[in-house]
Amino acid sequence: MNGYGGSILRVNLTDNKLTKEPTPPELARDFIGGRGFGIYHLLREVPRGADPLGPENKLIISSGPLSGMLSAGGGKCDWTTKSPLTNGYASASMGGHFTAEMKYAGIDTIILEGISPTPVYLLIDDNKLQLLDASFLWGKGAIDAEVALKNKHGEEFQIAAIGPGGENLVPYACVNHDFGRQAGRGGVGTVMGQKKLKAIVIRGTKSVPVADAQAYRKAGIDLYRACIEAEGHDEWTRYGTTIVTSWCDEVGALPTRNFSAGSFEDGKNIYGPVMRKEIVITDKGCFGCPCPCGKYSRSRRYGTYVEGPEYETIGLMGSNLGIGDIEAVAEANRLADDLGLDSISAGNTIAWAMECYEKGMLTQEDTDGLDLRFGNIEAAFAAIKKIAYREGKLGQLLAQGVKRAAEQIGKGSDKFAIHVKGMEQSAYATHNATAMLLAYMTCDVGAHHNRSWAITYDLQVGRDKVVPEKVARIIWLQNFRPMFDVLGSCRLQWVELGIDRDLYVPLLEAVTGIHRTWEDLEAVGDRIWNLTRMYWVRENPGFGRSWDLPSPRFYEEAPKTGATAGQITNYEDVQCLLDMYYEQRGWDDNGIPTPQTLQKLNIAVQTH
Amino acid sequence: MTATVRPYGILKEYINHQNETQVAAGQTIRQAIQSFRMPPEVVALVLVNDEQQDKDYIIQDGDYIKLLAVIGGG
Amino acid sequence: MRLYVDSAKCSGCRACLVACSLNLFNESNPKKAALNLIGHFPAPGVYEMKVCTQCGNCAAVCPTECIKLNERGAYYVDFAECTLCEACVAECPEDVMYVRVELADAAWKCDLCGDCVQVCGTGALWIAD
């Protein structure tokens, strides 16, 4: 099948059974790839009510038709599972080079099933498939494990591995790859750890068939040239995602001290140019990227290397912890990567604990003696390690995620647990940015930014305005942006360089032989969005409107300092945003897609 | 005593879609931005002679100033 | 004319490898490319890229004389005449002369098509005298 590896690899870890089946052409036609394949298999194959940490849950890794191809940024694969963090839909996007090896090994999707009796890793060398003993790796950090596996199998192999956080079932454990890329959010690393699968080692050397090689070459080069010649290409590439740090600080979107403010008085010390000057040693690109945001850094102070930190980690392990020290942020980032924790959820959860500590809701007895003040670098490092090993009272508390930790502590600490649906909010403070707030409220995995991002739109329309245009914008972004995760190509070329998205149309056609406009693709995006919504409905009795509410911090407590001092979104406006959103989506007042909407999208999901 | 300002992308709208324009030295970048009726908060990054500066930087004679917009975030 | 590389600018993205295979074989397969990317991670955290300098050592030792000059003045492998003897591989000072029998029926090398330069986003690759 043109543009595809052509097969689904099914790995049953309970029975040590590895089988391949062809990727059905109608699946490729209707769901295209990546996230589309993920939700399709999740809904069909993981039974309703399955325990995310039980043998019935599956981990589904999918590439897309542009993954591994001559498509600017074709380095993305999707990791879908039932989330142990939220009990809902989890889909994490991972960059790097893993997805290309999948395609060139002839595999579109890897479905991991069951639970291995002992630690193993999966070796895929083209058609050679094996589960191998991983007892020598169990307990190792993700980076050490990657080094060991590269040494054992060779430089050509790509590796995705979990760290101790995944082994110890921390519900926001990530998968680490290529010394610093992650499938980060929602606990995909936790599910991998629960299956006792330490790593996947993969190499593919086959050619991927394309519909029209000459048209593919031309469309591919056209897309690359557009990126390379785009205004801002050089500046973006120099700083990567950290290009926004100073701006977020200026407009009050930089999460500071557990999102109590959006500007940080030590912000200047964690801005992109400071980082570039102080610690960056090379640009590090994902597969096929002409504008690599990856920055590889060395800390002299700690004697360590890390990819990043990128903006999210700077926000959550820097300003949000009150740490204005780029080298310390880099080291916190390295710890999280190596220990296999999502740096967003970990930073967010530790910030909550710091606020609890400063408010006396947690004492030194609860923190195992740590002086868990904002800005205490050593305490932050110690907390990260405790979480990964579930060590002591603090480690056990925070290794549940911020929602459950706040439920355990009580005392009103849930008011400043910054999450939606149990997923910790990523690094945009949303006290006065109503479109962005709605984006977080309605994101299909919880409070994550990558489905839709709208702070500039908020600024353009008026930050506190609650108008249908903002809602329409969010819906359009939610249907459109995740299509990059379906195609297997990164969205940042479009997002950051502003290239014409129609450049992808001839490329996709040359690769797959199927002509699809963005209108066609957005229709698929709309369908996927409603399917993921129905997954939440199916898995969580009582799911509805209240699940879409943000942290009360954004409607009850205005920041005292910074660019958004005194600014807040009214609770009535929060509800009004949902009213408009549900109406425009064709969902009922409780946020459930109506039968008419589902029928229109040709969706049938059994929910009871 | 002038400097050159080069706004990128959508920011060109504020200088009639030209590539560059001249501004007087001695004022802050913020003042120069406001003189184009450009809201300072739409400018994500200010580079003066390829070094990042904040919007309170006082423009020097001969500076080459790039203004970058935030397009779409993360 | 030949291809040059500044490894310090390379981000290891492999776009060049895909473009190379597409031009050389009319196939999408970065393992069938004529540039040699070696990552040194986690430490010291650098990429090393090796490219063909068109030194001609390969052509000089080829017993079937199947490594010839093209219109760009670059040495290329005439696939039909290659016997896979691998004499050229040992002579290549940059490790960019490839024989992988499981992937192709002939040796392959850089023929200076320039597509890698077109897709390199960091300016690590260029063609000059």
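Each chain carries its own residue numbering, running from 1 in the written order of its sequence. As a convention, the first chain written is A and the first ligand written is 1, with the rest following in written order. The predicted origin of the model limits local features to residues at a pLDDT of at least 70 and limits the giving and counting of side-chain atom pairs to 80 or more, whereas totals for whole chains, interfaces and linings rest on all residues. Note: side-chain values were computed over all heavy atoms of the structure, leaving out hydrogens and water.

### Concerning the domain arrangement of chain A
How big an interface is tends to be stated in terms of the accessible area lost upon association of its parts.
Residue and element names in this part refer to chain A.
Alright, step 1. Here the domain parsing of chain A yields domain 1 (7–203), domain 2 (233–424) and domain 3 (434–498 + 517–600).
Alright, step 2. Just the C-alpha atoms count here: the centres of domain 1 and domain 3 sit 28 Å apart.
Alright, step 3. The partner domain 3 presents 26 residues to the 35 residues of domain 1 that form the contact.
Alright, step 4. Between domain 1 and domain 3, a total of about 2,600 Å² is buried, with carbon and sulfur atoms accounting for 58% of that surface.
Alright, step 5. Here's the idea: put two parts together, see how much 1.4 Å probe accessible area each one loses, and the total over both is what we call buried area. When the area that domain 1 buries against domain 3 is broken down by residue, the three leading residues are Arg35, Leu43 and Tyr89, summing to 27%.
Alright, step 6. A pair is scored as a salt bridge if a Lys or Arg side-chain nitrogen falls within 4 Å of a carboxyl oxygen belonging to Asp or Glu. Where domain 1 touches domain 3, the interface holds two salt bridges.
Alright, step 7. In protein, a polar contact requires one atom able to donate a hydrogen and another able to accept it; more generally it is a pair of N or O atoms within 3.5 Å, and residues adjacent in sequence count only if both atoms are side-chain atoms. Linking domain 1 with domain 3 are 16 residue pairs in polar contact (both at pLDDT 80 or more).
Alright, step 8. Secondary structure follows DSSP: runs of H or I at least 4 residues long count as helices, runs of E at least 2 residues long count as strands, and numbering of each begins at the N terminus. Here the side of domain 1 that touches domain 3 gets six residues from one element, more than from any other, and that element is helix α2 (residues 34–45).
Alright, step 9. Lys, Arg, Asp and Glu make up the charged group, whereas Ala, Val, Leu, Ile, Met, Phe, Trp, Tyr, Cys and Pro make up the nonpolar group; the residues left over, Gly among them, are polar. By residue class, the composition of the side of domain 1 that touches domain 3 is 13 nonpolar, 15 polar and seven charged. Where each domain begins and ends follows an automated or database-derived domain assignment. Note on contacts: a residue pair qualifies if any of its non-hydrogen atoms lie within 4.5 Å across the two residues.

### Considering the pairing of strand β7 (residues 120–125) of chain A
All names here are of chain A.
Alright, step 1. Burial classes: relative accessible area under 20% of the type maximum marks a residue as buried, over 50% as exposed, and values in between as partly exposed (1.4 Å probe, protein chains only). Among the six residues in β7, six count as buried, and that is most of the element.
Alright, step 2. Neither face of β7 is open: one carries Val120, Leu122 and Ile124, the other Tyr121, Leu123 and Asp125, and all of them are buried.
Alright, step 3. Here six bridges tie β7 to strand β8 (residues 128–133), and the two strands are oriented antiparallel to one another. Within the sheet, the bridge partner assigned to leucine 123 lies in β8 and is glutamine 130.
Alright, step 4. Strand pairing follows a simple DSSP-based rule, namely that at least 2 bridges must link the two strands. Where β7 folds back on β8, the antiparallel hairpin that results is connected by two residues, among which aspartate 126 adopts a positive phi of roughly 50°.
Alright, step 5. Relative to strand β12 (residues 197–203), β7 is paired through six bridges, and the arrangement is parallel. For valine 120, the partnering residue across the bridge sits in β12 and is leucine 197.

### Here we look at the packing of helix α7 (residues 213–229) of chain A against helix α22 (residues 504–512) of chain A
All names here are of chain A.
Alright, step 1. Axis lines are fitted to C-alpha atoms, over the contacting stretch for helices. Their N-to-C directions set the angle, which ranges from 0 to 180 degrees. Between α7 and α22, whose axes approach to 8 Å, the crossing angle comes to 150°. Between α7 and α22, the interaxial angle falls into the category roughly antiparallel. Relative to α22, α7 is oriented so that their crossing is left-handed. Counting all contacts with α7, which are made through Ala215, Tyr216, Ala219, Gly220 and Leu223, the residues of α22 involved are Tyr504, Pro506, Leu507, Ala510 and Val511. Angle categories: roughly parallel below 35 degrees, roughly antiparallel above 145, roughly perpendicular from 65 to 115, and oblique for all the rest. Crossings are classed by handedness, with left-handed meaning an anticlockwise turn of the near helix from the far one by less than a right angle and right-handed meaning a clockwise turn.

### Looking at unusual backbone geometry
Alright, step 1. With an omega of -5°, the peptide bond running from glycine 308 of chain A to proline 309 of chain A counts as cis.
Alright, step 2. Its location among the elements puts proline 309 of chain A in the loop between β15 (304–307) and α11 (311–317).
Alright, step 3. For the peptide bond that leads from alanine 43 of chain C to proline 44 of chain C, omega is 5°, which places it in the cis range.
Alright, step 4. Looking at where proline 44 of chain C falls in the secondary structure, it is placed in the loop between β2 (36–40) and β3 (46–50).
Alright, step 5. Positive phi is not limited to glycine here, since phenylalanine 179 of chain A has a value of about 50°.
Alright, step 6. One can find phenylalanine 179 of chain A in the loop between β10 (175–177) and β11 (181–183).

### Considerations on the pattern of salt bridges
Side chains that differ in charge, positive against negative, can pair when their charged atoms come close.
All names here are of chain A.
Alright, step 1. Here the structure, examined in full by the defined rule, presents 58 salt bridges over all chains.
Alright, step 2. Linking glutamate 229 and arginine 225 is a salt bridge whose minimum nitrogen-to-oxygen distance equals 3.1 Å. Residue glutamate 229 and its partner arginine 225 are located together in helix α7, separated by four residues, close to a single helical turn.
Alright, step 3. Take glutamate 229: its relative accessible area is 56%, and that puts it in the exposed class.

### Points about the arrangement of the chains
Alright, step 1. Once contacts are tallied for each of the two pairs of chains in contact, the highest total is for chains A and C.
Alright, step 2. Chain C makes no contact with chain B, the minimum C-alpha separation between the two being 17 Å.

### Considerations on the interface of chain C and chain A
Alright, step 1. Counting residues at the interface gives 34 residues for chain C and 40 residues for chain A.
Alright, step 2. Buried surface at the junction of chain C and chain A, summed over both partners, amounts to about 2,900 Å²; 56% is from carbon and sulfur atoms.
Alright, step 3. The interface formed by chain C and chain A contains three salt bridges.
Alright, step 4. With its nearest N and O atoms 2.5 Å apart, the salt bridge here joins arginine 217 of chain A to aspartate 115 of chain C.
Alright, step 5. Here chain C is connected to chain A by 19 residue pairs in polar contact (both at pLDDT 80 or more).
Alright, step 6. Residue assignment for the side of chain C that touches chain A shows that the elements contributing at least two residues are α1 (15–25) and α4 (115–119) of chain C.

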